[in-house]
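Listed below, chain by chain, are the residues.
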Amino acid sequence: ASGGSFDTSLALFNIVYSQALELRGPQGSAYGFLLPANQIIPQGQEFVAGLNAFFEYVLQNPAPN
């Protein structure tokens, strides 16, 4: 992610909290985006944990009006 959409969402639409959702990827991975079956559930668990942490932060730190 280049970050362009984050900058645009803040500058044009005043969206304070913006997030790029990314899964395990090719950089440093022997599998690229094609994970073996035994990695799918751990990937999903990491993804959900990340979303939960993000939403918990947003709930505890409301954006100013």
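Everything that follows concerns the structure shown earlier in this document.
First things first, this report covers the structure right here in the doc.

Calculation criteria
- Residues numbered from 1 in each chain as written.
- Predicted model: local features only at pLDDT ≥ 70, side-chain atom pairs only at ≥ 80, totals over all residues.
- Heavy atoms only, no water.
- Helix = DSSP H or I, 4+ residues; strand = E, 2+ residues; numbered from the N terminus.
- Buried < 20%, exposed > 50% of the residue type's maximum accessible area, 1.4 Å probe, protein only.
- Contact = heavy atoms within 4.5 Å.
- Areas by Shrake-Rupley, 256 points an atom, 1.4 Å probe, with all protein chains shown as cover.
- Phe/Tyr/Trp six-rings, centres within 6.5 Å; stacked < 30°, edge-to-face > 60°.
- Patch = residues over 30% accessible without salt bridge, like charges linked within 9 Å, V, L, I, M, F, W, Y side chains within 5 Å.
- Salt bridge = Lys/Arg side-chain N within 4 Å of Asp/Glu carboxyl O.

**Focus: the overall build of the protein chain**
Step number 1: In terms of regular secondary structure, the protein chain is built from two helices and zero strands.
Step number 2: In the protein chain, buried positions account for 8% of the 65 residues.
Step number 3: Sequence-distant contacts, at least 24 apart, represent 38% of the contacts inside the protein chain between residues at least 6 apart.
Step number 4: Here the protein chain displays about 5,400 Å² of accessible surface, and carbon together with sulfur accounts for 60% of that area.

**Some remarks on the packing of aromatic side chains**
Step number 1: One pass over the structure, following the stated rule, counts two aromatic pairs.
Step number 2: Measuring from centroid to centroid gives 5.8 Å for Tyr17 and Tyr57, while their planes differ by 85 degrees, and the two rings are edge-to-face. Of the two residues, Tyr17 is situated in the loop between α1 (4–13) and α2 (40–60) and Tyr57 in helix α2; the sequence distance between them amounts to 40 residues.
Step number 3: Since its relative accessible area comes to 28%, Tyr17 is described here as partly exposed.

**Digging into a nonpolar patch on the surface**
Step number 1: A contiguous nonpolar patch, built from Leu12, Phe13 and Ile15 and spanning about 340 Å² of accessible area, is present on the exposed surface.
Step number 2: Counting through the fold element by element, Leu12 comes out in helix α1.

**A few points about the side chain of Gln43**
Step number 1: For Gln43, the location among the structural elements is in helix α2.
Step number 2: Those residues in contact with Gln43, other than ones at most four positions away along the chain, are Leu23, Arg24 and Leu35.

**As for the environment of Val16**
Step number 1: Take Val16: it is sitting in the loop between α1 and α2.
Step number 2: Val16 gets classed as partly exposed once you look at its relative accessible area, which sits at 43%.
Step number 3: Linking Val16 and Pro62, residues 46 residues apart in sequence, is a C-alpha distance of 9.5 Å.
Step number 4: Apart from residues no more than four positions distant in its own chain, Val16 is found in contact with Leu10 and Ala63.

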